[in-house]
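Reading the structure
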Amino acid sequence: MKKIKQLHFGLIMLMTFSMASQETLAGDPNAFLLGGDQGQNTGALTLIPIAIVDVEPDPNNTITFGGIGTDLEAGMPILSGALNGVNEELWLNFTHRAFNGEHRRIYVRSNLPIPNGMTMTLQVINSVTVQGNHSALHHATPIELTNVNQPVVHHHNESGYTGNGVGHGYHLRYTIENPNALTLPNGFEIIYTME
Amino acid sequence: MKNTLLFLAFLICTHLGYAQILPGTITVSQGTVFLQQDTATAISEAGLDDTESNMKIETPVDATLMDFILDETNFLLTSEVNCTANIFLYKVYIHTTGAPQNTVLEARTFENSGQRFPLSILYDSAPVLGARDLLPANGANYIPIPNNNSGEATKIFEFKGCREQIPIQFRALPSVFATVGTQGFQIHYTVTATLI
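Residues numbered from 1 in each chain as written. Chains lettered and ligands numbered in written order. Predicted model: local features only at pLDDT ≥ 70, side-chain atom pairs only at ≥ 80, totals over all residues. Heavy atoms only, no water.

**Remarks on the nonpolar core**
Just so we agree on the cut-off: Residues enter a nonpolar core if they are buried and are Ala, Val, Leu, Ile, Met, Phe, Trp, Tyr or Cys, with the set joined through side-chain atoms within 4.5 Å. Partly exposed describes any residue whose relative accessible area lies between the buried limit of under 20% and the exposed limit of over 50%, with all areas from a 1.4 Å probe on protein chains only and scaled to the type maximum. To qualify as a helix, a DSSP run of H or I must reach at least 4 residues; to qualify as a strand, a run of E must reach at least 2; elements of each kind are numbered from the N terminus. We call two residues in contact whenever any of their non-hydrogen atoms come within 4.5 Å of each other.
In terms of nonpolar packing, the biggest core is built from 41 residues, with Met66, Phe157, Phe159 and Phe170 of chain B touching the most fellow members. Taken together, the elements giving at least two residues each to this core come down to strand E1 (37-47) of chain A together with strand E2 (33-36), strand E4 (64-70), strand E5 (89-97), strand E6 (103-108), strand E10 (154-160), strand E11 (163-174) and strand E12 (181-194) of chain B. Apart from residues lying up to four places away in sequence, Phe159 of chain B is in contact with Met66, Phe68, Phe88, Leu89, Tyr90, Val92, Asp133, Leu134 and Ile166 of chain B. Counting 23 residues, the second-largest nonpolar core is a separate cluster that includes Leu90, Ile106, Met120 and Tyr192 of chain A.

**Re the sheet that holds strand E5 (residues 105-110) of chain A**
All names here are of chain A. Here is the rule we go by: Only when DSSP finds a minimum of two bridges between them are two strands counted as paired.
Pairing in this open sheet of 4 strands is antiparallel, and the strands run E7-E9-E5-E12 from one edge to the other. Of all strands in the sheet, those bounded by a partner on one side alone are strand E7 (137-138) and strand E12 (190-194). Strand direction decides the pairing type here: E5 and E12, joined by 5 bridges, are antiparallel. When the sheet's bridge partners are listed, Arg109 is paired in E12 with Ile191.

**Here's the deal with unusual backbone geometry**
Each neighbour pair has its own omega, and for Glu56 of chain A with Pro57 of chain A the value is 5°, a cis peptide bond. Non-glycine residue Gln30 of chain B carries a positive phi angle of around 95°. Residue position: Gln30 of chain B is located in the loop between strand E1 (24-29) and E2. Accessibility expressed as a relative area gives 43% for Gln30 of chain B, which makes it partly exposed. Non-glycine residue Asn138 of chain B carries a positive phi angle of around 60°. For Asn138 of chain B, the position within the fold is in the loop between strand E8 (134-136) and strand E9 (143-144).

**Topic: the packing of aromatic side chains**
Applicable threshold: Stacked, tilted and edge-to-face pairs are distinguished by plane angle, under 30 degrees for stacked and over 60 for edge-to-face with tilted covering the rest, among Phe, Tyr and Trp rings (Trp via its six-membered ring) whose centres lie within 6.5 Å.
Overall, the coordinates contain 6 aromatic pairs over all chains when judged by the stated rule. An angle of 85° between the planes, with centres 6.4 Å apart, marks the rings of Phe88 of chain B and Tyr90 of chain B as edge-to-face.

**So, the pairing of E4 of chain B**
Residue and element names in this part refer to chain B. By the criterion of burial, E4 is predominantly enclosed, with 7 of the 7 residues buried. What you see with E4 is no split at all: Thr64, Met66, Phe68 and Leu70 on one side and Leu65, Asp67 and Ile69 on the other are buried throughout. As paired elements, E1 and E4 share 6 bridges and run antiparallel to each other. For Val28, the partnering residue across the bridge sits in E4 and is Met66.

**Regarding the pairing of strand E6 (residues 119-128) of chain A**
All names here are of chain A. The pairing of E6 with strand E11 (residues 169-177) spans 9 bridges and is classified as antiparallel. When the sheet's bridge partners are listed, Val128 is paired in E11 with Gly169. One ladder, built from 2 bridges, connects E6 with strand E8 (residues 143-144); its direction is antiparallel. Opposite Thr121, over in E8, you have Glu144 as the bridge partner.

**Examining the interface of chain A and chain B**
Quick note on the threshold: The term buried area denotes the loss of accessible surface (1.4 Å probe radius) that occurs when two parts are joined, taken as the sum for both partners. Any Lys or Arg side-chain nitrogen located within 4 Å of an Asp or Glu carboxyl oxygen qualifies as a salt bridge. N or O atoms within 3.5 Å of each other form a polar contact, as long as, within protein, one can give a hydrogen and the other can take it, and as long as residues adjacent in sequence are counted only when both atoms are side-chain atoms.
Across the boundary between the two partners, chain A contributes 49 residues, which contact 66 residues of chain B. Surface buried jointly by chain A and chain B totals about 4800 Å² across both partners, of which 59% is contributed by carbon and sulfur atoms. Summed over the shared surface of chain A and chain B, the number is 1 salt bridge. Between Arg97 of chain A and Asp50 of chain B there is a salt bridge whose closest N-O contact spans 2.6 Å. There are 30 residue pairs in polar contact (both at pLDDT 80 or more) connecting chain A and chain B. Contributing elements (two or more residues each) for the side of chain A that touches chain B: helix H1 (2-23), E1, strand E2 (50-56), strand E4 (91-97) and strand E10 (160-161) of chain A. For the side of chain A that touches chain B, the element with the most residues is E1 of chain A, which contributes 11 residues.

**With respect to the side chain of Arg163 of chain B**
This is how the line gets drawn: Positive charges come from Lys and Arg, negative ones from Asp and Glu, while His and the chain ends are left out of the count.
Topologically, Arg163 of chain B is positioned in strand E11. It turns out Arg163 of chain B is buried and unbridged, and the closest side chain with the opposite charge, Asp133 of chain B, is 5.1 Å from it.

**Remarks on the confidence of the model for chain A**
How we decide: On a scale of 0 to 100, pLDDT captures the predictor's confidence in every residue.
Chain-level statistics for chain A give a pLDDT mean of 78 and a share of 72% at 70 or above. Note on residues 7-27 of chain A: pLDDT is under 50 here. Beyond four places in sequence and across chains, it has 25 contacts.

**Some points on the environment of Thr51 of chain B**
Residues and elements named next belong to chain B. Mapping Thr51 onto the fold places it in the loop between E2 and strand E3 (57-58). We classify Thr51 as partly exposed; its relative accessible area is 27%. Separated by 102 residues in sequence, Thr51 and Ala153 place their C-alpha atoms 23 Å apart. Apart from residues no more than four positions distant in its own chain, Thr51 is found in contact with Lys56, Leu173, Pro174 and Ser175.

**A few points about a nonpolar patch on the surface**
Selection criterion: To count toward a patch, a residue needs a relative accessible area above 30% and no salt bridge. Like charges then connect within 9 Å, nonpolar side chains (Val, Leu, Ile, Met, Phe, Trp, Tyr) within 5 Å. Computed with a 1.4 Å probe, the accessible areas rest on the Shrake-Rupley method; for each residue, only the protein chains presented here act as cover.
On the surface, Phe75, Leu76, Leu77 and Val81 of chain B cluster together into a nonpolar patch covering about 420 Å² of accessible area. By secondary structure assignment, the location of Phe75 of chain B is in the loop between E4 and helix H2 (79-85).

**Here we look at the pattern of salt bridges**
All names here are of chain B. Inspection of every chain in the model, using the stated rule, returns 9 salt bridges over all chains. Glu106 is the partner of Arg171 in a salt bridge, and the nearest nitrogen-oxygen pair spans 2.7 Å. In this pair, Arg171 sits in strand E11 while Glu106 sits in strand E6, placing the two residues 65 residues apart along the sequence. With respect to class, Arg171 is no different from Glu106; both count as buried. Salt bridges sharing partners connect three or more residues here, namely Arg116, Asp124, Arg132 and Asp133.

**Quick notes on the state of the cysteines**
Residues and elements named next belong to chain B. Test applied: Cysteine sulfur atoms that pair up within 2.5 Å are treated as a disulfide.
Taken as a whole and judged by the stated rule, the model has 1 disulfide over all chains. There is a disulfide in this structure between Cys83 and Cys162, and the S-S distance comes to 2.0 Å. Across the S-S bond linking Cys83 and Cys162, the dihedral sits near -80°, which makes this disulfide left-handed. A residue pair is termed long-range when its members are at least 10 positions apart, and Cys83 in helix H2 and Cys162 in the loop between E10 and E11 qualify at 79 residues. Accessibility expressed as a relative area gives 0% for Cys83, which makes it buried.

Structure follows, in structure tokens:
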């Protein structure tokens, strides 16, 4: 009877050892043992190039210069303050994923000619990266706008993004000089492109 | 003596039936997992990283179908017989090798996805070791998959008993710093078996 009890004890110990050794394998997926298996298949990720810009605040990025002053008096000259102006409300944002490591630039132009006698200049007065990641440099000196593309931002890294919204990217200053009190043509726009 | 023999028979049967994990085989089907970006899934708001796109790059729900079935022991103990008599807990881990840089790849499946194998057995009426169900990790939400050669992997789901046609869906979150074009990679599936 004593031998039988010893046999029972031996069998139970053997089973306990067997179960415990298998349980420890679950935490190591690369070392699966009997009972598990490994398989594999292939994956393919296809990404497209991205090059987008916008001027914030978007969509409310229309700016107005001039207008009729409240102190106008018939018979008196129009004060110059109503004809020249500066606007620093707008910010330029971009996102760029380069194709084959190409560098791009952001250009600016007007869609219609600016009337003779009126001058409009653009200057990037600050570059701020908030929640973005890029190292593109801007053209620091004022640019006299025409309907021909002129570079505003030069990319030194292939890809990047500025962060979105006012206070992110490039702070724009528009200056207008309009001594002859001319009006911009209907549908006049300032267009930015990344090329 | 009779009692001792019965006890021995019980121990042997128990050991063979439950204490020993039987070998099984994983089958991964559906071929290559394609994650394809288009203009709808790329970022459309200038200034944001591509990872913040509202429309994600996703595969169909069943981009991969996975089976895990116990092996046939002999002509009597077929896979179906073994899967009927042996209920183990399986955990499925996934990792990748050679995955594109600056991209997060994720995977998921869904509550009780796939189907039991065999579809219905006597055990299901009294599941003493728990129902033969599938439980996705992270509430069936996407889980990032590690990319490495060391075999470190993340559990995506677990299930009890043999199971087949388990759909696995993938998603990619690429940064703008990820490379344009098509890049291939390997997806590794590791199943571990444990006693319940």
